[in-house]
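Letter by letter, the chains look like this.
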Amino acid sequence: MKKILIILTLIVAGFSTVNAQNTAKFEFKSELIDYGDIEKGSDGLKVFQFKNVGTVPLIIENVYSSCGCTVPTWTKAAIAPGKSGEIQVKYDTNRVGPIRRTITIYSNADESTKAVKIKGRVLDPDEKS
C-alpha cells in the first residue's frame, strides 16, 4: 500500500512540474521608463518592449494605468514563444510636475498581474530655473 501511495505522489508531482513549465513569461527590456525632464506639451509616447520567454503563447488580457493621464495600448494578438510585443503608454504632458505612474498588465503569464512604471518630470516653461 505504501508503494502505491508513493507512486501516486510521484505521478502527481510530475504532472505539476510539467504544467508549471508550460507557461507564458514576460522578459522586459526595462520595467521602468524614465522620461527625465520634459517640456510641457511635448510628445509623451513611450514604449515598453518585451519578449515571451515562456513555452506557450502570451495573451495580454488588459492593461490599466494608475491614472487617466496615462493611456496604454498593447499588442492584442497572442505573442508566440520567442516573439516580441510592446505596450505603448502616452502620458499627458500638459500636466506640469512629477510623473510617477504604474501600469498594470493582466495576462496568462506565470506572473498574471505585472506592474511596470514610468517616471519623470514635466517642466513648466513659465517657471524660471
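Please refer to the structure placed before this passage.
This text gives an overview of the structure that appears in the document. (Residues numbered from 1 in each chain as written. Predicted model: local features only at pLDDT ≥ 70, side-chain atom pairs only at ≥ 80, totals over all residues. Heavy atoms only, no water.)

Focus on the state of the cysteines
Simply put, disulfide is the name for a covalent bond between the sulfur atoms of two cysteines. Note the threshold: Only a pair of cysteine sulfur atoms within 2.5 Å qualifies as a disulfide here. A simple rule labels every residue: compare its accessible area, found with a 1.4 Å probe on the protein chains alone, to the largest value its type can have, and call it buried under 20%, exposed over 50%, or partly exposed in between.
Scanning the entire structure with this criterion turns up one disulfide. Between the sulfur atoms of Cys-67 and its disulfide partner Cys-69 the distance amounts to 2.2 Å. Here the two residues Cys-67 and Cys-69 agree in accessibility, since each one is buried.

Observations regarding the sheet that holds strand E5 (residues 70–74)
Consider a sheet: its strands pair through backbone hydrogen bonds, and that pairing is either parallel or antiparallel. What counts, and what does not: Strand pairing is defined by DSSP finding a minimum of two bridges between the two strands. Strands are runs of DSSP state E lasting at least 2 residues, helices are runs of H or I lasting at least 4, and numbering of each runs from the N terminus. Axis geometry follows a simple rule: fit a line to the C-alpha atoms, using only the stretch in contact for helices, then measure angles between N-to-C directions, giving values from 0 to 180 degrees.
Spatial strand order, E1-E3-E6-E5: four strands in an open sheet with antiparallel pairing. Two strands lie at the open edges of the sheet, namely strand E1 (26–28) and E5, each paired on one side alone. If you compare each strand with its neighbour and ignore which way they point, the axes differ by 30° on average. Two strands pair when backbone bridges link them, and strand E3 (residues 45–52) and strand E6 (residues 84–91) are joined in this way by seven bridges, in the antiparallel orientation. Across the sheet, residue Gln-49 finds its bridge partner in E6, namely Glu-86.

Structural notes on the side chain of Thr-70
Put simply, the rule is: Only heavy atoms enter the contact rule, under which two residues are in contact if any of them lie within 4.5 Å.
Along the chain, the position of Thr-70 falls in strand E5. Among the residues examined, Thr-70 registers a relative accessible area of 3% and is labelled buried. When residues no more than four places from it in sequence are discounted, the contact partners of Thr-70 are Ser-65, Val-89, Lys-90, Tyr-91, Arg-101, Ile-103 and Ile-118.

Regarding the pairing of E3
In the sheet, E1 pairs with E3 via three bridges, with the strands oriented antiparallel. Following the sheet pairing, Glu-27 is matched in E3 by Lys-51.

Concerning the sheet that holds strand E4 (residues 60–65)
An order of E2-E8-E7-E4 is seen for the four strands of this open sheet, with the pairing classed as mixed. Each of the sheet's edge strands pairs with one partner strand only, and the pair in question is strand E2 (32–39) and E4. Each adjacent strand pair in this sheet contributes to an overall mean axis angle of 20°, direction not counted. Where E4 meets strand E7 (residues 97–107), five bridges bridge the pair, whose relative direction is antiparallel. Bridge assignment links Asn-62 to a residue of E7, and that residue is Tyr-106.

Brief notes about the pattern of salt bridges
Let me state the cut-off plainly: Whenever a carboxyl oxygen of Asp or Glu lies within 4 Å of a side-chain nitrogen of Lys or Arg, that contact is scored as a salt bridge.
Taken as a whole, this structure holds six salt bridges when the rule is applied. Two residues, Asp-110 and Lys-25, come together in a salt bridge whose shortest N-O distance is 3.8 Å. You can see Asp-110 sitting in the loop between E7 and strand E8 (113–123) and its partner Lys-25 sitting in the loop between helix H1 (2–21) and E1, a full 85 residues away along the chain. When its relative accessible area of 39% is taken as the criterion, Lys-25 is described as partly exposed. Between Glu-111 and Lys-114 there is a salt bridge; the shortest N-O distance is 3.6 Å.

Considerations on the packing of aromatic side chains
Rule in force here: Any two of the Phe, Tyr and Trp rings considered here, Trp counted by its six-membered ring, make a pair once their centres fall within 6.5 Å; the pair's planes then place it as stacked at under 30 degrees, edge-to-face at over 60, or tilted in between. Only when the NZ of Lys or the CZ of Arg is both within 6 Å of the ring centre and within 35 degrees of the ring normal is a charge said to sit over the ring.
Evaluated as defined, the whole model comprises six aromatic pairs. An angle of 25° between the planes, with centres 5.2 Å apart, marks the rings of Phe-26 and Phe-28 as stacked. You'll find Phe-26 and Phe-28 in the same group, each marked buried. Between the aromatic rings of Phe-28 and Phe-50, the centroid separation amounts to 5.5 Å while the plane-to-plane angle is 55°, which identifies the pairing as tilted. Of this pair, Phe-28 sits in strand E1 while Phe-50 sits in strand E3, and the two are 22 residues apart along the sequence. Within the aromatic cluster, the residues linked to one another by ring pairs are Phe-26, Phe-28, Phe-48 and Phe-50. A cation over a ring is seen here: Lys-46 above Tyr-35, with NZ or CZ 5.4 Å from the ring centre.

Just distances and angles here, no functional claims.
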